[in-house]
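Each chain, letter by letter, is given below.
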Amino acid sequence: MKIEEIIKSNVALDDAKKVILNLIYTQNVIGDKFNELLKPFDVSGEQYNVLRILRGQKGTAVNMCDIQERMLAKNSNTTRLIDKLLLKDYVTREVCPDNRRKMEILITSKGLSLLEELDPKVTAHEQIFAGNLNEKELEILNQLLEKYRTFK
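Residues numbered from 1 in each chain as written. Predicted model: local features only at pLDDT ≥ 70, side-chain atom pairs only at ≥ 80, totals over all residues. Heavy atoms only, no water.

Draft legend 1. Expanded view of the nonpolar core. Within the largest apolar cluster, 25 residues are counted, with the highest numbers of intra-cluster contacts made by V50, L51, L54, I67 and L118. Elements supplying a minimum of two residues to this core: α2 (15-38), α3 (45-56), α4 (64-70), α5 (78-87), β3 (103-107) and α6 (109-130). No other element matches α3, which puts 5 residues into this core. The contacts of I67, once residues within four sequence positions are left out, are V50, I53, L54, V62, T78, I82 and I105. (Core = buried A, V, L, I, M, F, W, Y, C linked by side-chain atoms within 4.5 Å. Buried < 20%, exposed > 50% of the residue type's maximum accessible area, 1.4 Å probe, protein only. Helix = DSSP H or I, 4+ residues; strand = E, 2+ residues; numbered from the N terminus. Contact = heavy atoms within 4.5 Å.)

As structure tokens, this is what we get:
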């Protein structure tokens, strides 16, 4: 369905505006479906992102700044996210022995188990959206999106 139909626009939209509207609408559709997937597990998309970052550390502690740098949503409140994950026993937080102002975060076995359970569901979610495109189209879309968000 065309974006003009979705937003019920009666005026002609230039291509630059249509791209922005399409990106925003598509992000909302994907995000809504992803949140539906995560809801039964009582984690948010941002919390899931933190857990994936921590799993990628393969048992090495990471500090809050490093987590924040790797977050998809750069405006996330990392401290609040970690606090919520601590309450669910998905992460641990310790004072860094070398620098007492730094906190080191590790994923717990419970957090790893959650990700193992979510992995096939997340993969299926990704494949649902990718299903309308072939491999070449996916490659081109990725190239175009990377090019689009690069400022001159």
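Draft legend 2. Here's a closer look at the pattern of salt bridges. Applying the stated criterion across every chain yields a total of 5 salt bridges. With a shortest N-O distance of 2.8 Å, D119 and R55 are connected by a salt bridge. Of the two residues, D119 is situated in helix α6 and R55 in helix α3; the sequence distance between them amounts to 64 residues. By relative accessible area, D119 is classed as partly exposed at 26%. Owing to a relative accessible area of 26%, R55 belongs among the partly exposed residues under this scheme. Here R93 and D83 are joined by a salt bridge, their closest N and O atoms 2.6 Å apart. In this pair, R93 sits in strand β2 (residues 91-95) while D83 sits in helix α5, placing the two residues 10 residues apart along the sequence. On the basis of relative accessible area, R93 is assigned to the partly exposed category, the value being 29%. (Salt bridge = Lys/Arg side-chain N within 4 Å of Asp/Glu carboxyl O.)

Draft legend 3. Region of the structure containing α3. In a regular helix each residue adds 1.5 Å, so 12 residues correspond to 16 Å; α3 covers 17 Å between its end C-alpha atoms and thus fits that length. Here α3 has its buried residues at Q47, Y48, N49, V50, L51, I53 and L54. (Expected span 1.5 Å × (residues − 1).)

Draft legend 4. Representation of a nonpolar patch on the surface within the structure. Together, V19, I20, L23, I24, L133, L141, L145 and Y148 give the surface a local cluster of nonpolar side chains, amounting to about 600 Å² of exposed area. Contributions of two or more residues to the nonpolar patch are made by α2 and α7 (135-148). The biggest single contributor to the nonpolar patch is α2, with 4 residues. Take I20: it is sitting in helix α2. (Patch = residues over 30% accessible without salt bridge, like charges linked within 9 Å, V, L, I, M, F, W, Y side chains within 5 Å. Areas by Shrake-Rupley, 256 points an atom, 1.4 Å probe, with all protein chains shown as cover.)

Draft legend 5. Representation of the packing of aromatic side chains. Applying the stated criterion across every chain, the model contains 1 aromatic pair. Between the aromatic rings of F34 and Y48, the centroid separation amounts to 5.4 Å while the plane-to-plane angle is 70°, which identifies the pairing as edge-to-face. Here F34, found in helix α2, pairs with Y48, found in helix α3; they are 14 residues apart in sequence, far enough to count as distant. Comparing F34 with Y48 shows no difference in burial state: the two are buried. (Phe/Tyr/Trp six-rings, centres within 6.5 Å; stacked < 30°, edge-to-face > 60°.)

Draft legend 6. Summary view of the packing of α3 against α6. Interhelical geometry of α3 versus α6 gives an angle of 110° and a closest axis separation of 11 Å. Classified by the interaxial angle, the pair formed by α3 and α6 is roughly perpendicular. Crossing hand, α3 versus α6: left-handed. Contacts from Y48, L51, R52 and R55 of α3 reach α6 at L112, L114, L115, E116, L118, D119 and V122. Residue classes in the contact of α3 with α6 are distributed as 7 nonpolar, no polar and 4 charged. (Axes fitted to C-alpha atoms, helices over the stretch in contact; angles between N-to-C directions. Parallel < 35°, antiparallel > 145°, perpendicular 65-115°, else oblique. Left-handed = near helix turned anticlockwise from the far one by under 90°. Nonpolar A, V, L, I, M, F, W, Y, C, P; charged D, E, K, R; others polar.)

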